[in-house]
Amino acid sequence: MGTYTITVLPGDGIGPEVIEQAVRVLHTIGERYQHTFQMHHGLVGIAAIQAEGQAISDATMELCQGSDAVLFGAVGGIAGYEGSKTQVRPENALLRLRKELELFANLRPVRPFKALLNASTIKPEVLAGTDLLVVRELTGGLYFGKPGEIRETPQGREAVDTMFYTEHEIDRIVRAAFDLSRNRRKKVTSVDKANILNTSRLWRQVAERVAGEYPDVEIDHLLVDTCSMQLVRHPTAFDVIVTENTFGDILTDEAAMLAGSMGMLPSASLGTRQTAHGLFGMYEPIHGSAPDIAGQGKANPIAAILTVAMMLRYSFGLHREADVIEAAVEQVIEAGYRTEDLKEAGKPVVGTQEMGRLIVDALS
Ligand code: NAD
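Fair warning: this is a prediction, and the values are worked out from it, not measured in the lab. Position numbers for residues count from 1 along each chain, tracking the sequence in the order it is written. In view of the model being predicted, local features appear only for residues whose pLDDT reaches at least 70, and side-chain atom pairs are presented and counted only at 80 or more, with totals across whole chains, interfaces and linings using the full set of residues. To get the side-chain values, all heavy atoms of the structure are used, and hydrogens and water are removed first.

A. Geometry of the domain arrangement of the protein chain. These domain boundaries are the output of an automatic or database domain assignment. Parsing the protein chain into structural domains produces domain 1 (1–107 + 262–364) and domain 2 (131–257). Centre-to-centre, using C-alpha coordinates, domain 1 lies 25 Å away from domain 2. Here a residue-residue contact requires only that any non-hydrogen atoms of the pair lie within 4.5 Å. If you look at the interface, domain 1 gives 13 residues, while domain 2 gives 16 residues. For the pair domain 1 and domain 2, the summed buried area comes to about 1400 Å², and 68% of that belongs to carbon and sulfur atoms. When a carboxyl oxygen of Asp or Glu lies within 4 Å of a side-chain nitrogen of Lys or Arg, that pair is called a salt bridge. Across the contact surface, domain 1 and domain 2 share 0 salt bridges. Whenever two N or O atoms come within 3.5 Å, that pair is a polar contact, provided that in protein one can donate a hydrogen and the other can accept it, and provided that, for residues adjacent in sequence, both atoms are side-chain atoms. Applying the counting rule to domain 1 against domain 2 returns 3 residue pairs in polar contact (both at pLDDT 80 or more). Numbering goes from the N terminus for both helices and strands, where a helix is a DSSP run of H or I of at least four residues and a strand is a run of E of at least two. Where the side of domain 1 that touches domain 2 is concerned, the elements lending two or more residues are helix H4 (92–100) and strand S4 (105–110). Note on definitions: buried area is the accessible-area loss of two parts on being combined, 1.4 Å probe, summed for both.

Okay, structure coming up:
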């Protein structure tokens, strides 16, 4: 029994649709195990730009700072905001949250359900047994390095982005990966582009040094291009993958397809901030606002629901409750129910709300 404060930021597009189902699951777990989840909703993304002029307001940031965890949907995706020249971009909300809450470690587990092996475009015999965790650096690299701009010159426009890492930033994320691997199969693959990039050469040196402190954990290094190939060729070879921000962003979308759909993968963003219950974290599905299906009741809410399981496990230490959610999801998938993105011949296709209801029923 406990009381936990959660800031809920549904955002744009399918964000509110899938977060509604995740919140239903939280309520059900609360009732069943007598926990109080105090949820405060805030605006983020386009919704916040329209109402408050900012992708996330100072007041919403304060709400997040004062809570035990943040549950985030998705931002962006409405024509007019994409590629616009304005500095107020929906994605700024995510970057601000990650930076100011110091959430430098993004955990993205990929463990395809047995019943969904056929839903992937990869052969089931290649996929079977895949159980990997990508640990993506989240507050450095290209997405934050300065300068980052498009500028006018007499010869025409030019653009620059900067990939920048400090030894400290690399050390803490690699260390997080090694710590996590100790509860798994004790193998870390550090991914870089050390044949070309200076940031990657520093990354590899630091990874080697940290590895020396974990003699019980095996380390290997892969170039990011080789890693992207190996992920679809031999995914079972991986246990924990640790990599910088941009590489992690791209590799995890690829890895999502091992699980059948973007709609299946949750993520946790963690730092070092402690609350009364454990580690503060922000939890979000890896998918975006999916404007192509928003408002149609088709979105798969499973990534958002599994995100709640990660929150219970990593920020609240509620391992049994997290296991129960994951088992309920698996039960519904085993029973044959599919959302549109996982469509399989002969299996009933259900909408977002119905999938949420089936999982809630399985919890009870
Ligand atoms: P996306 O993840 O929104 O969608 C990619 C494809 O996957 C689409 O075809 C979509 O329909 C499908 N899909 C995604 N989630 C699904 C779900 N739960 N159920 C069923 N199908 C699902 O990526 P995108 O189209 O490249 O980006 C759309 C917008 O989202 C952009 O504005 C982008 O910047 C933003 N985005 C936001 C986040 C975030 O908020 N964390 C992450 C990625 C992209």
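B. Examining the site of the ligand more closely. Not every one of the 22 residues close to the ligand is listed here, only the nearest: Val-75, Glu-91, Gly-288, Ala-290 and Asp-292. Val-75 is positioned such that a nitrogen or oxygen atom in its backbone is 2.9 Å from an oxygen atom of the ligand. A distance of 2.9 Å separates an oxygen atom of the ligand from a polar backbone atom of Gly-77. For the shell around the ligand, a count of residues per class yields 10 nonpolar, 7 polar and 5 charged. We call a residue near a molecule or strand whenever a single non-hydrogen atom of that residue lies within 4 Å of it. Nonpolar residues are Ala, Val, Leu, Ile, Met, Phe, Trp, Tyr, Cys and Pro. Charged residues are Asp, Glu, Lys and Arg, and all others, Gly as well, are polar.

C. Representation of the packing of aromatic side chains within the structure. Centre distance within 6.5 Å is the pairing criterion for rings of Phe, Tyr and Trp, where only the six-membered ring of Trp is used; planes under 30 degrees apart are then read as stacked, over 60 as edge-to-face, and the remainder as tilted. In the structure shown here, the tally under the stated rule is 5 aromatic pairs. On the numbers, 6.3 Å between centres and 20 degrees between planes, the contact of Phe-37 with Phe-316 is stacked. You can see Phe-37 sitting in strand S2 (residues 36–41) and its partner Phe-316 sitting in the loop between helix H10 (302–314) and helix H11 (319–334), a full 279 residues away along the chain. With respect to class, Phe-37 is no different from Phe-316; both count as buried. An aromatic cluster is built from Tyr-4, Phe-37 and Phe-316, whose rings are joined through pairwise contacts. Looking at Lys-99, its charged tip hangs above the ring of Phe-144, at a distance of 4.7 Å from the centre. Relative accessibility thresholds used throughout: buried, under 20% of the residue-type maximum; exposed, over 50%; partly exposed, between the two (1.4 Å probe, protein chains only). For a lysine, the NZ atom is tested; for an arginine, the CZ atom; a charge sits over a ring if that atom is within 6 Å of the ring centre and within 35 degrees of the ring normal.

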